[in-house]
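# Breakdown of the fold
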Amino acid sequence: MTPQELRNSIFELAIEGKLVSQNVSDGTTDDLVEKIESVKKLRKDYKKIKSRDSLESGLYDDSIQIPSSWKWVFLTDVFYLLPTGVQPFDGNRIYYSTGSVNDGVFVGEGYYSFENRPSRANREHIVGDFLDAKMQGTIKAFIVDENNCNALFSTGFYGLRAYYGNTKYLKYLVQSPYFQNLKNKNCNGTTQKSLNDETLKMFVIPLPPIKEQERIVRRVDELLLLVDQYEKTWNRLKLLNDGFSSTIIKSILNYAMQGKLVNQIKDEGDGTQLYKQIQIKKNTLRKNEGIKFEKEIEVKIDDYENTFPKSWKLTTINNIAYVTKLAGFEYTKYMSGSISNTGDVPIVRAKNIKPNCFIDSRTEFISKELSYQLNRCALDKKCLLMTFIGAGIGETAIFDSPERHHLAPNVAKILPVLDMNKFMLYYLMSPIGQKEIFQFIKQTAQPCLSMETIRKVRIPLPPLKEQERIVAKIEELLPLCNLLK
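Here's a quick rundown of the structure. (Residues numbered from 1 in each chain as written. Predicted model: local features only at pLDDT ≥ 70, side-chain atom pairs only at ≥ 80, totals over all residues. Heavy atoms only, no water.)

### Some points on the overall build of the protein
Helix and strand counts for the protein come out as 15 helices and 24 strands. For the protein, whose C-alpha radius of gyration is 32 Å, the value lies well above the compact-globule estimate of 23 Å for 485 residues. Along the longest, intermediate and shortest principal axes, the C-alpha atoms of the protein span 95 × 50 × 45 Å. Burial status across the protein gives 47% buried among its 485 residues. Across the protein, contacts joining residues at least 24 apart in sequence account for 76% of those joining residues at least 6 apart. Accessible surface, the protein as shown: approximately 25,400 Å² in total, 50% of it carbon and sulfur. Of the side-chain charges in the protein, 67 are positive and 58 negative, and the distance between the mean point of each set is 5 Å. (Helix = DSSP H or I, 4+ residues; strand = E, 2+ residues; numbered from the N terminus. Rg over C-alpha atoms; globule rule 2.2 N^0.38 Å. Buried < 20%, exposed > 50% of the residue type's maximum accessible area, 1.4 Å probe, protein only. Contact = heavy atoms within 4.5 Å. Areas by Shrake-Rupley, 256 points an atom, 1.4 Å probe, with all protein chains shown as cover. Lys, Arg positive; Asp, Glu negative; His and termini not counted. Charge placed at Lys NZ, Arg CZ, Asp CG, Glu CD.)

Here is the structure:
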């Protein structure tokens with residue numbers, strides 16, 4: 001169980017009355033509701049406060065069973081929903097957006113005067129107020145204290161203030177799967193779904209007697225401290241597991257690319273024979289399909305060659321594959337103004353390439369006519385795709401879709417003359433292959449590879465049947481490594 005799953009279980013048990021025992025001496029929630037009503041009557045705006053008797057119009061999940069001494073109530077019958085607005089003030093105040101608050105850590109987004117504050121800086125609160133993010137799927141639950149009571153808060157938060165009772169119980173309630181499911185189901189909007197005040201007013205919550213709330217809060221506080229300790233151990237173990245699995249995968253790929261994962265079989269021929277077949281096929285593709293292969297690149301021979309079996313041949317990507325990209329001027333002149341969110345041919349960017357994983361997200365398109373106009377950069381055959389600029393530089397995946405796609409900038413196409421895609425993929429993923437790639441990376445503000453340097457990357461060439469056996473063995477072992485996580 002992850003630490004967050006453990007926290008969720010604690011919150012769920014807490015709001016179901018299963019975390020502490022019920023004591024008759026605590027009274028009932030009816031007693032608390034009467035107390036709240038008496039507090040409300042002391043307010044100047046009492047006549048404007050709407051209380052509801054029927055829960056039929058409310059939003060809640062009554063499949064949760066609560067103790068008989070508890071009661072289902074509307075959230076805003078016991079907590080006052082705070083309006084937006086800021087009173088004029090002198091000097092400058094720090095501003096917190098929903099993105100400024102993470103796990104109780106506040107990172108301000110600058111100091112602002114009343115006149116110059118951002119338009120969303122339209123909430124101010126007193127000590128004890130409760131805030132949480134309105135956005136769907138986002139929890140930013142916290143109670144305002146002396147450290148941030150003078151701050152400006154974003155209208156991306158909703159604010160609640162207790163008429164009477166324990167605000168910390170509300171904080172734990174809001175973090176429970178019960179409340180979060182309710183929130184996520186009832187958020188509205190198009191681009192960013194969030195709660196509106198009228199919907200929040202319809203939320204119904206389980207409410208314990210005030211003394212039981214206090215005991216629940218104390219018990220949750222105790223348990224969360226233990227979960228925090230558990231999380232540190234869990235994170236260390238996760239790092240060890242992930243690291244161990246990653247190390248094993250690298251070792252498998254290294255052994256494979258050194259010819260140590262499967263035996264060499266003399267009857268399968270050697271790399272030199274395969275290389276000759278590739279050159280014959282290249283000449284055929286030049287004549288029949290007009291593919292413009294680059295001139296053969298002489299291989300730099302050094303101790304690197306001794307890494308592989310003698311039956312293998314050391315060559316370069318250039319000599320066994322066609323390497324290309326979408327040129328910058330092509331993108332600017334033809335594509336940049338023609339991209340839409342619907343169309344015939346999906347665009348492939350760096351975000352679609354992860355190690356051994358092509359993500360066919362299909363969020364940007366160009367027309368089929370434009371794709372054929374820039375046919376060199378079309379993806380219509382099985383090939384390798386490599387990110388050559390930015391954070392994912394050197395990451396490689398296989399493109400093998402029956403539908404035509406098209407390159408955008410940042411991704412190179414490597415089209416092997418013969419179908420050696422998987423062997424080449426695992427080589428480029430291996431520590432040996434990665435070292436070969438990274439020696440060519442230009443360490444500028446944004447690290448990059450050129451097509452010329454990708455073509456120069458050296459690669460060992462075993463016989464085709466041996467490649468197939470190597471790939472089969474790797475794919476037999478990799479799932480076992482994933483089980484180690």
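### Concerning the environment of Ala141
Looking at the element boundaries, Ala141 is found in the loop between β8 (130-133) and β9 (142-143). Judged by its relative accessible area of 15%, Ala141 is buried. Taking the C-alpha atoms as reference, Ala141 lies 27 Å from Arg43; in sequence the two are 98 residues apart.

### Digging into the sheet that holds strand β18 (residues 365-366)
The mixed open sheet is built from four strands, whose spatial order is β18-β15-β22-β19. Edge strands, defined here as strands with exactly one partner in the open sheet, are β18 and β19 (378-379). Bridge count for strand β15 (residues 345-348) against strand β22 (residues 405-407) is two bridges, and the pairing is parallel. Bridge pairing in β22 links Val348 to Leu407. (Pairing = 2+ DSSP bridges.)

### Observations regarding the sheet that holds β9
Pairing within the open sheet is antiparallel, and its four strands lie in the order β2-β11-β8-β9. What marks the edges here is a single partner per strand, and that holds for β2 (79-81) and β9. In this sheet, β9 lies alongside β8 in antiparallel orientation, the contact comprising two bridges. Considered in β9, the bridge of Leu131 is made with Phe142. Set on the sheet, helix α4 (residues 167-174) makes contact with β2, β8, β9 and β11 (157-162); between it and β8 the angle comes to about 15°. (Axes fitted to C-alpha atoms, helices over the stretch in contact; angles between N-to-C directions.)

### Things to note about the environment of Arg123
Within the element layout of this structure, Arg123 appears in strand β7 (residues 121-123). Considering only alpha carbons, one finds Arg123 and Ala151, 28 residues apart in sequence, at a separation of 8.6 Å. A polar atom in the side chain of Arg123 sits 2.8 Å from the backbone oxygen of Phe157. (Polar contact = N/O pair within 3.5 Å; in protein donor to acceptor, adjacent residues only side chain to side chain.)

### With respect to the pairing of β8
Across the two faces of β8 the burial is the same, with Phe130 and Asp132 and Leu131 and Ala133 all buried. Relative to β11, β8 runs antiparallel, the two sharing four bridges. Bridging from a neighbouring strand, Ala133 pairs with Phe157 of β11.

### Focus on the packing of aromatic side chains
Tallying each qualifying case throughout the model produces 18 aromatic pairs. Seen from their ring centres, Phe142 and Phe153 are 5.8 Å apart, and the 40° between their planes marks the pair as tilted. A residue pair is termed long-range when its members are at least 10 positions apart, and Phe142 in strand β9 and Phe153 in strand β10 (residues 152-154) qualify at 11 residues. Relative to Phe157, the ring of Phe153 has its centre 6.0 Å away and its plane inclined at 85°; by these criteria the two rings are edge-to-face. The exposure class of Phe153 is buried, given its relative accessible area of 0%. Three or more aromatic residues joined by ring pairs make a cluster, and in this case those are Tyr96, Phe106, Phe142, Phe153 and Phe157. (Phe/Tyr/Trp six-rings, centres within 6.5 Å; stacked < 30°, edge-to-face > 60°.)

### Section: the packing of helix α12 (residues 421-429) against helix α15 (residues 464-483)
Relative to each other, α12 and α15 sit at 60°, their axes nearing to 9 Å. One element, α12, and the other, α15, form an angle in the oblique class. Relative to α15, α12 is oriented so that their crossing is left-handed. Between α12, through Lys422, Phe423 and Tyr426, and α15, the contact on the second element is made entirely by Gln467, Ile470, Val471, Ile474, Glu475 and Leu478. (Parallel < 35°, antiparallel > 145°, perpendicular 65-115°, else oblique. Left-handed = near helix turned anticlockwise from the far one by under 90°.)

### Comments concerning the environment of Thr315
On the secondary structure map, Thr315 appears in strand β13 (residues 313-316). Taking the relative accessible area as the measure of exposure, Thr315 reaches 0% and is therefore buried. Each C-alpha atom, one on Thr315 and one on Lys456, is 9.1 Å from the other, the two residues being 141 residues apart in sequence. The contact partners of Thr315, leaving out residues within four places of it in the chain, are Tyr275, Val299, Ile320, Val457, Arg458, Ile459 and Leu461. Within the local environment of Thr315, its side chain forms a polar contact with the side chain of Asn319, the two groups lying 3.3 Å apart.

### Things to note about helix α1 (residues 3-15)
Along its 13 residues, α1 runs 19 Å from first to last C-alpha, staying within 8% of the 18 Å computed at 1.5 Å per residue. Among all positions of α1, only Pro3, Arg7, Ile10, Phe11, Glu12, Ala14 and Ile15 are buried. Backbone geometry just after α1 places Gly17 at a positive phi near 75°. (Expected span 1.5 Å × (residues − 1).)

### Quick look at the nonpolar core
Counting 76 residues, the largest nonpolar core has Ile317, Leu385, Ile414, Met424, Ile454 and Ile474 as the members making the most contacts within it. Apart from the residues lying within four places of it in its own chain, the contact partners of Ile317 are Val323, Ile414, Met424, Leu428, Ile454, Arg455, Val457 and Ile459. (Core = buried A, V, L, I, M, F, W, Y, C linked by side-chain atoms within 4.5 Å.)

### Notes on the pattern of salt bridges
With the rule as written, the count across this model stands at 25 salt bridges. Note that Lys168 and Asp221 form a salt bridge whose closest N and O atoms lie 3.2 Å from each other. Here Asp221 lies in helix α7 (residues 210-257) and Lys168 lies in helix α4, a separation of 53 residues in the sequence. Using a relative accessible area of 30% as the deciding quantity, one classes Lys168 as partly exposed. On the basis of relative accessible area, Asp221 is assigned to the partly exposed category, the value being 24%. Across the salt bridge formed by Glu436 and Arg458, the nearest N and O atoms sit 3.1 Å from each other. With Glu436 in helix α13 (residues 431-438) and Arg458 in strand β24 (residues 458-461), the pair connects residues that are 22 residues apart, well separated along the chain. The burial state of Glu436 is the same as that of Arg458; both residues are buried. Look at the salt bridges and you will find they share partners, linking Arg7, Asp228 and Glu231 into a network. (Salt bridge = Lys/Arg side-chain N within 4 Å of Asp/Glu carboxyl O.)

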